[in-house]
Amino acid sequence: MAQKPSIPKGTRDFSPVEMKRRNYIFSVITKVFKRYGFEQIETPAMENLSTLMGKYGDEGDRLIFKILNSGDYLKKVNDKILQEKNSNQLTKYICEKALRYDLTVPFARYVVMHQNDITFPFKRFQIQPVWRADRPQKGRYREFYQCDADIIGSDSLLNEVDLIKIFDDVLTELKIPDYTIHINNRKILSGLAEVFDIADKIIDFTVAVDKLDKVGNEGVLKELAQKGFTEKQLDEIASFLQEEPGLAQLKNRLSTSETGLKGVEELEEVMNYVTQIGLKSAKLKFDVTLARGLNYYTGAIFEVKVKDFPSICGGGRYDDLTGVFGVKGLSGVGISFGADRIYDIMLATNAFPDFTQDQTEVMFVNFGKQETAYCLPVLFALREKGINAELYPDNVKMKKQMKFANEKGVKYVVMAGENEMKDDTLTVKNMHEGSQDTISKNEFLKMFN
RNA sequence: GUGGAUGUAGCUCAGCUGGUUAGAGCGCCGGAUUGUGGUUCCGGAGGUCGUCGGUUCGAGCCCGAUCUUCCACCCCA
């Protein structure tokens, strides 16, 4: 019984045109990463579930794709747990592996496992798919590629500067229109939490503030009120939101917080460097409301936004990512490009170049055995010259062969039948112009010097 | 995970208050043109109406479940 095939929700096939465009994005990113001294690694699609759990918050845990154990996976589970039908409890017993959720945590695991082979500071890049059991929407997939660059084992703020310049270089070359790099520092947010006396509720605070541009001041205050913030705290936060503080005002407000001032100082240093170097097309904007969900960030945080699209890049500094795996005191900072969302923007704005050079440039029409023997040396001579060329594999109607060439975007169609063989020539048709000429094999080959 | 919309030919969509054989444009295939594509003309194929079940004399249309895609929330690249 034939069944209609399908693919899982939120996943996609990539056809030849799409692959050309995707590879173009990857190649630009790869080139720039290398230019800044990053080296590539890959890690397995699956990690031990225990490596991933608890690193992304409760919400993140829910979105991890778990892999069912092979074999009789229920055998080892004790009856009591089975009876309870508690899925969260049960997964521990029936899933020991999971698909990677991002590239940063696997990288931390990699660093710990290979610490003796790595010379620090270690700059690695990684371009691989990640999987999230999210509900798909436009620009939101369950399988998508991240392109990460991280520096681990260096506190220097010069790394932040490099990463900002990488955003600028890549997104300029990809012709992403009108994007802004938002930058903040987690220490500033911690400082504010100290000043507002809400240090224990910093996550609630940052999550709410992050939505400011979406829900406005009232929305943020409403959410905070629901989370149990006191009147006094709400009043202070309200007055803070009113003034849309720049760095100078922030310094005042944070004067009692050592951490907060450190954050401002770091941010100023990074921004001063960037101003000195200059940016090609990026706009760099300090944004106190930028929080980002991932709770392991401790210093700078970045996010690249394009109007009317979901964010295309993210990143930040984490002081102790490897700590949970037993290696303390390694600070890292990294960024991530969301290739699929970049793709969507480039498609919507016609930013892709032509990929005609990837196409077959010359196609030989197949007229039969003898004619094939006559054409083959020329075909392979072309390939030796690096020209993409092919011979139509079957001796079918010319119309069909021409149509094939036309649809594939072939530039030259070569015809060699009885007459050409007799005169030792080739008839070459330029498909773009519709013109054709009969010339010698040598003359033809010279066209490609 | 919560709430809402959606699904008819390969694609974009028509399809009356439920009533014979479900339509169009584009695409595809064939012919006009057995050595010439893209234009033109003529002809043709292609549909379990997402899937399963229910109501009805009768369901593409009504009801339920399920899946897909999309939107909002959550979260994020």
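In the block above lies the structure referred to throughout.
Read on for a plain summary of the structure.

What counts and how
Residues numbered from 1 in each chain as written. Chains lettered and ligands numbered in written order. Predicted model: local features only at pLDDT ≥ 70, side-chain atom pairs only at ≥ 80, totals over all residues. Heavy atoms only, no water. Core = buried A, V, L, I, M, F, W, Y, C linked by side-chain atoms within 4.5 Å. Buried < 20%, exposed > 50% of the residue type's maximum accessible area, 1.4 Å probe, protein only. Near = heavy atom within 4 Å. Polar contact = N/O pair within 3.5 Å; in protein donor to acceptor, adjacent residues only side chain to side chain. Helix = DSSP H or I, 4+ residues; strand = E, 2+ residues; numbered from the N terminus. Pairing = 2+ DSSP bridges. Axes fitted to C-alpha atoms, helices over the stretch in contact; angles between N-to-C directions. Contact = heavy atoms within 4.5 Å. Phe/Tyr/Trp six-rings, centres within 6.5 Å; stacked < 30°, edge-to-face > 60°.

Regarding the nonpolar core
And then number 1: With 73 residues, the main nonpolar core has Ile166, Leu171, Ile176, Leu250 and Phe337 as its most contacted residues.
And then number 2: Of all hydrophobic cores here, the second largest spans 32 residues; its members include Ile41, Val111, Leu290 and Leu321.

Quick word on the protein's contact with RNA strand B
And then number 1: As a structural note, the neighbourhood of RNA strand B is formed by 43 residues, with Arg132, Lys138, Arg140, Ser311 and Met431 the closest of them.
And then number 2: Put simply, 50% of the atoms of RNA strand B that lie within 4 Å of the protein are in sugar or phosphate.
And then number 3: Arg135 places a side-chain nitrogen or oxygen 3.0 Å from a base oxygen of RNA strand B.
And then number 4: At a separation of 3.5 Å, a sugar or linking oxygen of RNA strand B approaches a polar side-chain atom of Gln146.
And then number 5: Of all elements in the fold, only helix H3 (57–63), strand E6 (143–152), strand E10 (313–318), helix H16 (398–407) and helix H17 (418–423) reach the threshold of two or more residues within the surface near RNA strand B.
And then number 6: Per element, the largest residue contribution to the surface near RNA strand B is six residues, and it comes from H16.

Description of the sheet that holds strand E15 (residues 425–430)
And then number 1: Spatial ordering of the open sheet is given by E13-E12-E14-E15-E16, a layout of five strands whose pairing is mixed. Looking at strand neighbours, the two that pair on one side only are strand E13 (389–391) and strand E16 (436–440), the edges of this open sheet. Each strand of the sheet is rotated relative to its neighbour by a mean of 25 degrees, with strand direction disregarded.
And then number 2: Against the sheet, helix H15 (residues 369–384) engages strand E12 (362–364), E13 and E15, with an angle of about 165 degrees to E13.
And then number 3: Where H16 meets the sheet, it contacts E12, E13, strand E14 (412–415) and E15, and its direction lies at approximately 165 degrees from that of E12.

Some points on the packing of aromatic side chains
And then number 1: Summed over all chains, the structure comprises 19 aromatic pairs.
And then number 2: Judged by centre distance (4.2 Å) and plane angle (40 degrees), the rings of Tyr56 and Tyr101 are tilted. One end of the pair, Tyr56, is in the loop between helix H2 (49–52) and H3; the other, Tyr101, is in the loop between strand E4 (97–99) and helix H6 (104–113), and 45 residues separate them in sequence. Like Tyr101, Tyr56 is buried.
And then number 3: Taking the centre distance of 5.8 Å and the plane angle of 90 degrees together, the rings of Tyr412 and Phe448 count as edge-to-face. Residue Tyr412 is located in strand E14, and its partner Phe448 is located in the segment after helix H18 (441–446); the two are separated by 36 residues in the primary sequence.

Shape is all these values report; function is a separate question.
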